[in-house]
Number of protein chains: 2
Amino acid sequence: MTIHDVARAAGVSPATVSRVFNGGKVTPARALSVQEAAAALGFAPNRVARSLRKQRSSVIALIIPDIENPFFTSLARGVEDAAQRTSLSVVLCNSDEDTEKERRYLEVALGEQMAGVIVAAASQDETDLGPLTDRGVPVVAVDRRPRDAEVDAVRVDNHHGGEVATRHLLQAGYRRIACITGPEGASTSEERLAGHRAALSAAQGSAAAAAADNTYIRHADFRVEGGRVAMRELLALPEPPDAVFVANNLMTIGVLDALGEAGRTPPGVGVLSFGDVPWASLVRPSLTAVELPSYELGRTAADLLLQRRDGSLSPVQTVVLRTKLQVRESTAGPAGS
Amino acid sequence: MTIHDVARAAGVSPATVSRVFNGGKVTPARALSVQEAAAALGFAPNRVARSLRKQRSSVIALIIPDIENPFFTSLARGVEDAAQRTSLSVVLCNSDEDTEKERRYLEVALGEQMAGVIVAAASQDETDLGPLTDRGVPVVAVDRRPRDAEVDAVRVDNHHGGEVATRHLLQAGYRRIACITGPEGASTSEERLAGHRAALSAAQGSAAAAAADNTYIRHADFRVEGGRVAMRELLALPEPPDAVFVANNLMTIGVLDALGEAGRTPPGVGVLSFGDVPWASLVRPSLTAVELPSYELGRTAADLLLQRRDGSLSPVQTVVLRTKLQVRESTAGPAGS
DNA sequence: ATTGACGATGAAATCGTTTTCTGTCAGCGT
DNA sequence: ACGCTGACAGAAAACGATTTCATCGTCAAT
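Model, not experiment: these values are computed from the prediction. (Residues numbered from 1 in each chain as written. Chains lettered and ligands numbered in written order. Predicted model: local features only at pLDDT ≥ 70, side-chain atom pairs only at ≥ 80, totals over all residues. Heavy atoms only, no water.)

Visitor: Explain the sheet that holds strand β10 (residues 288–291) of chain A to me, and be specific about the residues and the numbers.
Guide: Working definition: the strands of a sheet are paired by backbone hydrogen bonds and lie parallel or antiparallel to each other. All names here are of chain A. Across the sheet, which stays open at both edges, the six strands sit in the order β7-β6-β8-β9-β10-β12 with mixed pairing between neighbours. In this open sheet, the two edge strands, each paired with only one partner strand, are β7 (217–219) and β12 (324–326). Put simply, the sheet's adjacent strands are angled 15 degrees from each other on average, direction ignored. By the bridge criterion, three bridges tie strand β9 (residues 270–274) to β10 in an arrangement that is parallel. Bridged to Phe274 within β10 is Val290. Docked against the sheet, helix α8 (residues 158–171) engages β6 (177–181), β8 (243–246), β9, β10 and β12, running at close to 165 degrees with respect to β9. (Pairing = 2+ DSSP bridges. Helix = DSSP H or I, 4+ residues; strand = E, 2+ residues; numbered from the N terminus. Axes fitted to C-alpha atoms, helices over the stretch in contact; angles between N-to-C directions. Contact = heavy atoms within 4.5 Å.)

Visitor: Can you explain the relation of the copies chain B and chain A? Please cite residues and give values.
Guide: Least-squares fitting of chain B to chain A yields an RMSD of 0.1 Å, with the transformation described by 0.1 Å of translation along the axis and a rotation of 180 degrees. One copy is carried onto the other by what is essentially a two-fold rotation axis. Of every C-alpha in chain B, the one belonging to B:Leu92 sits nearest the axis of rotation, 2.3 Å from it. Taken together, the interface assignments show that 100% of the residues at the interface of chain B recur at the interface of chain A, consistent with an identical surface on both copies. (Least-squares fit on C-alpha atoms with pLDDT ≥ 70 in both.)

Visitor: So what's going on with the protein's contact with DNA strand C? Residues and values would help.
Guide: Taken together, 26 residues are adjacent to DNA strand C, and A:Thr27, A:Arg30, B:Ile3, B:Ser18 and B:Arg53 come closest. At 2.6 Å, a backbone N or O of B:Ile3 approaches a phosphate oxygen of DNA strand C. Mapped by element, the contributors of at least two residues to the surface near DNA strand C are α2 (14–22) and α4 (47–54) of chain A together with α1 (3–10), α2 (14–22) and α4 (47–54) of chain B. Classifying every residue of the surface near DNA strand C by side-chain character gives nine nonpolar, nine polar and eight charged. (Near = heavy atom within 4 Å. Polar contact = N/O pair within 3.5 Å; in protein donor to acceptor, adjacent residues only side chain to side chain. Nonpolar A, V, L, I, M, F, W, Y, C, P; charged D, E, K, R; others polar.)

Visitor: So what's going on with the interface of chain B and chain A? Which residues, and what values?
Guide: Each partner contributes residues to the interface: chain B has 51 residues there, and chain A has 51 residues. Across the chain B/chain A interface, buried area totals approximately 4500 Å², and carbon plus sulfur atoms make up 54% of it. The tally of links between chain B and chain A comes to eight salt bridges. Between B:Lys101 and A:Glu80 there is a salt bridge whose closest N-O contact spans 3.7 Å. Joining chain B to chain A, the criterion identifies 10 residue pairs in polar contact (both at pLDDT 80 or more). Broken down by secondary-structure element, the contributors of at least two residues to the side of chain B that touches chain A are α4, α5 (70–84), β2 (89–94), α6 (99–111) and α11 (249–261) of chain B. (Buried area = accessible area lost by both parts, 1.4 Å probe. Salt bridge = Lys/Arg side-chain N within 4 Å of Asp/Glu carboxyl O.)

Visitor: How would you sum up the pairing of strand β11 (residues 318–321) of chain A? Please name residues and give values.
Guide: Residues and elements named next belong to chain A. Burial along β11 is one-sided: Val319 and Leu321 are buried, while Thr318 and Val320, pointing the other way, are not. In this structure, strand β5 (residues 152–156) lies alongside β11, joined through four bridges in parallel fashion. Pairing of Arg155 across the sheet is with Val320, part of β11. (Buried < 20%, exposed > 50% of the residue type's maximum accessible area, 1.4 Å probe, protein only.)

Visitor: Break down the packing of aromatic side chains for me, with residues and values.
Guide: For any pair of aromatic rings, geometry is given as the distance between the ring centres together with the angle between the planes. Residue and element names in this part refer to chain B. As enumerated under the stated definition, the model contains seven aromatic pairs over all chains in all. Taking 5.5 Å as the distance between ring centres and 75 degrees as the angle between the ring planes, the aromatic pair formed by Phe21 and Phe43 counts as edge-to-face. Residue Phe21 is located in helix α2, and its partner Phe43 is located in the loop between α3 (28–41) and α4; the two are separated by 22 residues in the primary sequence. Classification of Phe43 by relative accessible area gives buried; the value is 14%. Relative to Phe72, the ring of Phe71 lies with its centre 4.9 Å away and its plane at 75 degrees, an arrangement referred to as edge-to-face. Residue class for Phe72 comes out buried when judged on its relative accessible area of 4%. (Phe/Tyr/Trp six-rings, centres within 6.5 Å; stacked < 30°, edge-to-face > 60°.)

Visitor: Break down helix α10 (residues 224–235) of chain A for me, citing the residues and quoting the values.
Guide: All names here are of chain A. Helix length check: α10 (12 residues) gives 17 Å between terminal C-alpha atoms against 16 Å at 1.5 Å per residue, within 8%. Within the span of α10, buried status applies to Val224, Gly226, Gly227, Arg228, Ala230, Met231, Leu234 and Leu235. Its buried side turned inward, α10 meets β6, β7, β8 and α11 (249–261). (Expected span 1.5 Å × (residues − 1).)

Visitor: Kindly report on helix α9 (residues 187–202) of chain B, identifying the contributing residues and their values.
Guide: Residue and element names in this part refer to chain B. Between its terminal C-alpha atoms α9 stretches 22 Å, which fits the 22 Å expected from 16 residues at 1.5 Å a residue. Residues Ser187, Thr188, Ser189, Glu191, Arg192, Leu193, Gly195, His196, Ala199 and Leu200 constitute the buried set of α9. Against β5 (152–156), α8 (158–171), β6 (177–181), β7 (217–219), β8 (243–246) and β9 (270–274) lie the buried residues of α9.

Visitor: Lay out the protein's contact with DNA strand D in plain terms, naming residues and giving numbers.
Guide: The environment of DNA strand D is made up of 26 residues, and the closest members are A:Ile3, A:Ser18, B:Arg19, B:Thr27 and B:Arg30. Counting only atoms of DNA strand D within 4 Å of the protein, the sugar-phosphate share comes to 66%. Measuring from a base nitrogen of DNA strand D, one finds a backbone N or O atom of A:Ala49 at 3.4 Å. Interatomic distance of 3.2 Å between a side-chain N/O atom of B:Gln55 and a phosphate oxygen of DNA strand D. Put simply, the parts of the chain that give the surface near DNA strand D at least two residues each are α2 and α4 of chain A together with α2 and α4 of chain B. At five residues, the largest contribution of residues to the surface near DNA strand D is made by α4(A). Of the residues in the surface near DNA strand D, the class split is 10 nonpolar, eight polar and eight charged.

Any functional reading would require information that these geometric values do not contain.
Shown next as C-alpha cells:
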C-alpha cells in the first residue's frame, strides 16, 4: 500500500498523489479522484520514507528525568498542548535521572531525525547536546540547564525561590533551618541551595548565623525515599533543626513521612517545599510551598522550539519564569512560640 | 555524515560498514579500521533510512490515556524496564482520554513503522487497532480492553476487585453503598461497576437491597474533578450514602476533598478506592484500597510484545492479574455503629 | 495565426541504509 | 596442478516518499 498503488488506482502519477497530500497544485477533479482512491485503499503515508527524503520527521521528543514526578508530567502537558496546534506530535522519553538512558534517547532523537528536542537534563555536565545542535536540530533546555550548551532555555528563578522560601521560615520565627536539596551537579539543586544560603547570610548576626556551616545541609536524590532518609538523619542530630526547606516536591513527601514517624508535624517543625506537593489538598495541615509554573514551563519551551523551527528567533534565548510563594499555613511558627 | 563517508575513510565499501554495525562477517582488521573511522568522524547511523529499508523501526510506542495518573506512569516504568533489556526504546504518548488524539498517535505509530504498540485504550469502541494488526505490527492492549480486537492483552480482574471492595464495605457494616465509576464505554468502568453490583446482589435480603437501583451509581471521568463533583451530588441526596466505592485512584482524591468540605471523613463515611491513592502515606486516616499491580501490568505487556515479536507465542493471549485488597483502616465501620 | 507565458503533470533522481547477488581469492583435497 | 569449497567484499537494487526538471497543453495577447 504505497503512493504508487494509489497513483495507479487513480490513474495519475505518484508525484500527483504526493502533491495532493502536501497541498501542491492539483486540478480539483484529479485531487478528488486521488482522495477517493486513497480512502478506498485505506492508504496511510509512510512517514519513514517521508522523513528520509525530507531529512526531518514531524515528531518532537520531550526527555524528562522522572516520569513519576507530577511536576514533569504537568510540564509534559504544557508541551503537548502547545504542539497540539501544529502538525507535530510529541513523544515522551523517561531518562530516569540516568545519564546513560538519557544518552540513548538523545541518540534516538538524532537518528530518527526528530523535528526538535526539549530536554530536562539528567546532568549538568554529562548531557551532551552537541550532536543535536551540530546537525541543526532545534533543542530547548527546560527546568535544568546543561552546562555550556548554546541552546534556548526555559527555567524558573531557583535562587530567588530558595531565598524567598528560607526567608519565609525565618520570618515565621524558625531559627535552625535545614535544607534538603537535590543531587550535586544538578543546576536546580545548586541554585535552590544557594538561595537558601543567601537568605541565611542576610539574616546573619541573628541566631541563624549558627547554621552557616553544612550541619543542616543534605544532598538527596529528588525522590521520596531520599527525602525520608535525609530527614531521619536531620532528626537524629544532637540538636535537630526546627524547620526544613526541601528542594523538591517528592522529597517533601518523604520528609513529611519521616516527621510523622517521629511524631512531629508542621507547623511544629517548619516545612517549606520547593514545588507543589501533589494533591496537597489531602495533606493536613496544609503546607506552604514555592509554587512552580510547571505547565507554563512546558508550554513556553514548546513555543520557543516552534519559533526556532520557523527560523524566527535568531539569537539564543533564555526565559526565566517567576515562582510564587503559596502560603497555606493557618498558624505558622515553631512549636515553642 | 553517512555510511559512505565512513566507507571512504576506512577504504572499504558501504556494505562492509553496514556489516560492521550489524554483526555481519567482516575480517577483524577491516572491522577495526571501520570502527576507528566511524569514531573519528562521529558517525551515528541514520535510523530513518534503516527503518525504511528494514520496514521496521526499533522503537515501541506506549499509548496511555492520562499521563498525570500515577497508575499509568508506574505502568510505563514497567514497560520501560522490560524493554530496557532489549535494543528497543520506548516512547510514551498521552492520549488524554481523547479518542481523536489517540487516533493520531496510532497513525503515527503505524506511519513510523514502529516495532510494536502497547495501548491502554481511550475507548472501547472507537479505538481502532485494525490498521496496525493488518500490517502485522505487534499490539498489546493493557488495562483497558478494546472491543473485538484480536490482540494480546494484559488486564486486572476488575469484576472480582469491585466485588471484593463492595463486600468489604458491607462486612464493615455500611448499608447505603454508592459507586462512582468511570465513563460509560470504558471496559474498566463497566467491569468494576458490575463487580460492585454483584456484591450488592449477593447481599440481597439485607438492607442493601435498597441500593439495587441507580440512585447511588455515578459515572464520572476518572479524574479528580469528576470524583469531587460526583461525591457532592451524592452528599446532596435526601438520603446520602454511608459509604462509597470509587472506581479509580484520582477520583478518590476528589471524593476525599468533597467529604472534607462537608466535614465528613472516613471511616465515618466508608471510602474504598480501586487503585492506590498516590502517596497514600500522607492521607490520614489511611484508606483501604484495591491494590493494582500497575508496574507488573506494564512489564507483562512488554514481555508479551517481545514474545510476539520473536514469533513465539502463536495464539492470541490474555493475561489477567489479580488485585489485592489492602486494608489500612485502624477502626472500620459506619459512624453510627 | 503565431508566439509567449503559465500552470499542471509525469519521469526520474534522491534521501541513507540493508541485503542480495555476484565475484574473487585463499586454502585444501585429490 | 586443478578444481572445489567457503568466506568475505563490493556493486547495485531495493525501501517509499518528495522534489526538481522537463514537457505538454491551454489561453491570451499581439
